[in-house]
Amino acid sequence: MPRLGTEASGPPLGRVFGLVGRSGSGKTTLIEALLPLLAAQGLRVNVIKHSHHDVVLEPSGKDSARFRAAGAAEVMLASPYRYAIFHELRDAPEPTLGEQLARLAPAELTLVEGFKHAALPRLEVFRPALGLPPLFAEDASLLAVASDARLACPLPQLDLNDAAAVAAFIQAYAREWT
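Values in this document were obtained by computation on a predicted structure and should not be read as measured data.

A volume near 1600 Å³ is recorded for the largest pocket. Lining the largest pocket are 31 residues, and of these L57, I85, F86, H87 and Q100 lie nearest its centre. Those elements giving two or more residues to the lining of the largest pocket turn out to be β2 (45–49), α2 (63–69), β4 (83–87) and α3 (97–103). Split into classes, the residues belonging to the lining of the largest pocket amount to 16 nonpolar, 7 polar and 8 charged. With 3 residues, helix α1 (residues 27–40) is the largest single contributor of residues to the lining of the second largest pocket. Taken together, the residues of the lining of the second largest pocket sort by class into 3 nonpolar, 12 polar and 5 charged.

As structure tokens, then:
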């Protein structure tokens, strides 16, 4: 599978690994558990989360929201603790994952939540209790499944409740990129 972000048009963007799954499957919770484990290994890790919703980043009456409403293309909100760049798409198409990756600071690994059709190495987070069909049944490009139950599945299965095992799987796969 191609490694996203290494096209000839630009510099390598580090290793990118995706986590996909149905809503409520535990993708965010798993990433939250993976981050301190990967950081303890000395890795700088970025995360991109895709949302299909119109995310409210700041209440409409606040300054940065007012600037965006007045027509600013981008607004940076900066403080001693963090900064955020708000980029209004207006009627422009949503940027590709590759374009989003290019906006991030360099990191050894970027975890991507969502973008389930992107051409990047991915594992599925699957909970049978949700009563929804697994993605692995329709997507042969997935590398593994992290679940809280044993599955009849041709892919390697990881225990969803064992974040260290999932982190080790991702790191083992990432070593193959070098």
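With 5 of its 5 residues buried, strand β6 (residues 122–126) lies for the most part within the structure. A two-sided burial pattern is seen for β6, the buried positions comprising R122, E124 and F126 on one face and L123 and V125 on the other. Of the strand pairs in this sheet, strand β1 (residues 15–20) and β6 are connected by 3 bridges, and their pairing is parallel. Each residue of the ladder has a partner; that of G18, found in β6, is R122. Taken together, the 4 bridges between β6 and strand β7 (residues 144–147) define a ladder with parallel strand orientation. Looking at the pairing, V125 lines up with A146 of β7.

What counts as what
- Residues numbered from 1 in each chain as written.
- Predicted model: local features only at pLDDT ≥ 70, side-chain atom pairs only at ≥ 80, totals over all residues.
- Heavy atoms only, no water.
- 1 Å grid on protein atoms, 1.4 Å probe; cavity = no way out; pocket = protein on both sides within 12 Å on 5 of 7 lines; lining within 4 Å.
- Points joined across faces, edges and corners; volume = space filled by probe spheres on them.
- Helix = DSSP H or I, 4+ residues; strand = E, 2+ residues; numbered from the N terminus.
- Nonpolar A, V, L, I, M, F, W, Y, C, P; charged D, E, K, R; others polar.
- Buried < 20%, exposed > 50% of the residue type's maximum accessible area, 1.4 Å probe, protein only.
- Pairing = 2+ DSSP bridges.

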